[in-house]
Amino acid sequence: MKLLVIGSGGREHAMAWKLAQSPRVQKVFVAPGNGGTATENGLENIALTAIPELLDFARKEAIYLTVVGPEAPLAAGVVDTFADAGLRIFGPRRAAAQLESSKDFAKSFMRRHGIPTARHATFTSAPEAKAYVDQHGAPIVIKADGLAAGKGVVVAATREEAHAAIDLMLGEKKLGAAGERVVIEEFLQGEEASFIVMSDGVNVLPLATSQDHKRLRDGDQGPNTGGMGAYSPAPIVTPKLHARVMREIIAPAIQGMAKDGTPYVGFLYAGLMIDGGTPRTLEFNCRLGDPETQPILIRLKSDLFGLVEHAIAGTLDRAKAEWDRRSALGVVLAAHGYPDEPRKGDRIEGLPKPSDDCRVFHAGTRKEGSAIVTNGGRVLCVTALGDSVKMARTRAYEAVDQIRFAGMQYRKDIGYRALKRK
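Below is a summary of the structure that appears in this document. (Residues numbered from 1 in each chain as written. Predicted model: local features only at pLDDT ≥ 70, side-chain atom pairs only at ≥ 80, totals over all residues. Heavy atoms only, no water.)

## Section: the overall build of the protein
Phase 1: Counting its regular elements, the protein contains 14 helices and 22 strands.
Phase 2: Taken against the 2.2 N^0.38 rule, which gives 22 Å for 422 residues, the C-alpha radius of gyration of the protein at 20 Å falls within 12% of a compact globule.
Phase 3: Each of the three principal axes of the protein carries a C-alpha extent, and together these read 60 × 45 × 45 Å.
Phase 4: Per-residue burial for the protein yields a buried fraction of 55% across its 422 residues. (Helix = DSSP H or I, 4+ residues; strand = E, 2+ residues; numbered from the N terminus. Rg over C-alpha atoms; globule rule 2.2 N^0.38 Å. Buried < 20%, exposed > 50% of the residue type's maximum accessible area, 1.4 Å probe, protein only.)

Written as structure tokens, this is what we have:
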């Protein structure tokens, strides 16, 4: 069977690699893919991004199943287009994908269905937004309502920082349409974790837990990014907490979507803030996380293609995911100038060959002749397995030490929270 994965990041490289391992899969096309998917066995890049072109390609190539990686095509209705044309595709329809594409929609949904989250208010007027900040004080969180590629959230430590973020979004329109409305939330204390599940609209299959590192520099300093590294499992998510998240957050979300007439089929990611064993929902994403996918999928022993088939057939209650007992940890290598103005075109040297316990997943790369060069902000995710987080981390950083490109940035403390908990 031939499959199609839509997207070009590290998440999509990991998804396509894992899908291609299924004995029933002949080839996985990746649209548009990256330098890693261009050189991975069993994968082939196709230079398409427009939804009508993707549909034509899927028909012409008799694609058995399409899996959507990033949020933008979901928000643009790619699932509606494929499903309405009678083609198999895994991901939420546009109406359900509003859980990610509109922070205001997600907040109203959570409030309506009793899902624990931060207190919030939504504004389109800068003076009104600033008055709210003055009333509630700082720290406080300012979020662009729409999709802003991981750059639409400002955790403001002072009122002045909050006012500046409001001016940037509502005044200067720096985030375009994404920032035409802002959601202002109370600042939640605690430790973050990523809780990702698969849903067939009724049944839910939880994937392995993980934890991401959002800030650019060691010690959680510097600007927010799309994610500088992740590890799985997340020790903070104990079996007791796992059951509570499923009961108080995931089940009400899936049941609430069905009740609202927008059944949710796809990957659902709940970003959690955990304080003293109490989980609250920071956000929902309608896809696998990036870079969480890389450590999660390197631990998955089950056939991902089989799990997705169950989800599309509505039989996830019959599916079981088996996991490698080892921990996995991924370190993101970012381009010079990331996150503001990443430089492209730097030649990447020293990429290690993949092994059973270490793989380099590509994100912002492209193949240029026989060379691989940088082509985006987050360039690579070096992902390793180990009997403990500490061993996985040692293995990942050994591989990182072999890789070179001009201006390469990365954090040297990925996994520090898990090590601290030990």
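## Here's the deal with the packing of helix H8 (residues 126–136) against helix H9 (residues 159–171)
Between two packed helices, both the angle of their axes relative to each other and the distance between the axes serve to describe the pair.
Phase 1: Close contact between H8 and H9 brings their axes to 10 Å; oriented N to C, the two are set at 160°. In terms of their interaxial angle, H8 and H9 are classed as roughly antiparallel. Our pair here, H8 against H9, has a crossing hand that is right-handed. Contacts from Ala 126, Ala 129, Lys 130, Val 133 and Asp 134 in H8 reach Arg 159, Ala 162, His 163, Ile 166, Asp 167 and Leu 170 in H9.
Phase 2: Looking at the contact of H8 with H9, its residues break down into six nonpolar, one polar and four charged. (Axes fitted to C-alpha atoms, helices over the stretch in contact; angles between N-to-C directions. Parallel < 35°, antiparallel > 145°, perpendicular 65-115°, else oblique. Left-handed = near helix turned anticlockwise from the far one by under 90°. Contact = heavy atoms within 4.5 Å. Nonpolar A, V, L, I, M, F, W, Y, C, P; charged D, E, K, R; others polar.)

## With respect to the nonpolar core
Considering soluble globular proteins, one finds that nonpolar side chains tend to be buried as a cluster.
Phase 1: Counting residues in each nonpolar core, the largest one holds 45 residues, and the members touching the most others are Leu 99 and Phe 284.
Phase 2: In contact with Leu 99, other than residues within four places in its own chain, are Phe 105, Ala 106, Phe 109, Met 257, Tyr 264, Leu 268, Phe 284 and Cys 286.
Phase 3: Counting residues in hydrophobic clusters, the runner-up holds 36 residues, among them Ala 14, Leu 207, Leu 288 and Ala 319. (Core = buried A, V, L, I, M, F, W, Y, C linked by side-chain atoms within 4.5 Å.)

## Observations concerning the pattern of salt bridges
Two side chains of opposite charge can pair, provided their charged atoms sit close to one another.
Phase 1: Going through the model one piece at a time under the given rule, you end up with 28 salt bridges.
Phase 2: Lys 27 is the salt-bridge partner of Glu 44, the closest N and O atoms lying 2.5 Å from each other. Of this pair, Glu 44 sits in strand E3 (residues 43–45) while Lys 27 sits in strand E2 (residues 27–32); the two residues are 17 residues apart in sequence, bridging distant segments of the chain.
Phase 3: Of the residues examined, Lys 27 reaches a relative accessible area of 27% and is grouped as partly exposed.
Phase 4: The partner of Glu 100 in a salt bridge is Arg 287, and the shortest N-O contact between them spans 2.7 Å. Pair noted here: Glu 100 is in helix H6 (residues 94–101) and Arg 287 is in the loop between strand E17 (278–285) and helix H11 (293–299), with a separation of 187 residues, a long-range link. (Salt bridge = Lys/Arg side-chain N within 4 Å of Asp/Glu carboxyl O.)

## Brief notes about the sheet that holds E17
Phase 1: One open sheet holds the four strands; their spatial order is E11-E10-E16-E17, and the pairing between them is antiparallel. Two strands bound the open sheet, and with one partner strand each, they are strand E11 (204–206) and E17. Neighbour-to-neighbour, the strand axes of this sheet turn through a mean angle of 35°, independent of strand direction.
Phase 2: Sheet topology places strand E10 (residues 191–200) next to strand E16 (residues 265–275); 10 bridges connect them, and they run antiparallel. Looking across to E16, one finds that Phe 195 is bridged to Ala 270.
Phase 3: Helix-sheet contacts for helix H10 (residues 239–259) involve E10, E11, E16 and E17, and the interaxial angle to E17 is about 40°. (Pairing = 2+ DSSP bridges.)

## Some details on the side chain of Asp 346
Phase 1: Secondary-structure assignment places Asp 346 in the loop between strand E18 (327–334) and strand E19 (358–362).
Phase 2: Under the relative-accessibility criterion, Asp 346 is labelled buried at 14%.
Phase 3: Of note is the side chain of Asp 346, whose polar atom sits 2.9 Å from the side chain of Arg 343.
Phase 4: In this structure, Asp 346 is in contact with Ile 372, Val 373, Thr 374 and Ala 406, ignoring residues within four places of it in sequence. (Polar contact = N/O pair within 3.5 Å; in protein donor to acceptor, adjacent residues only side chain to side chain.)

The analysis is restricted to geometry; functional conclusions fall outside its scope.
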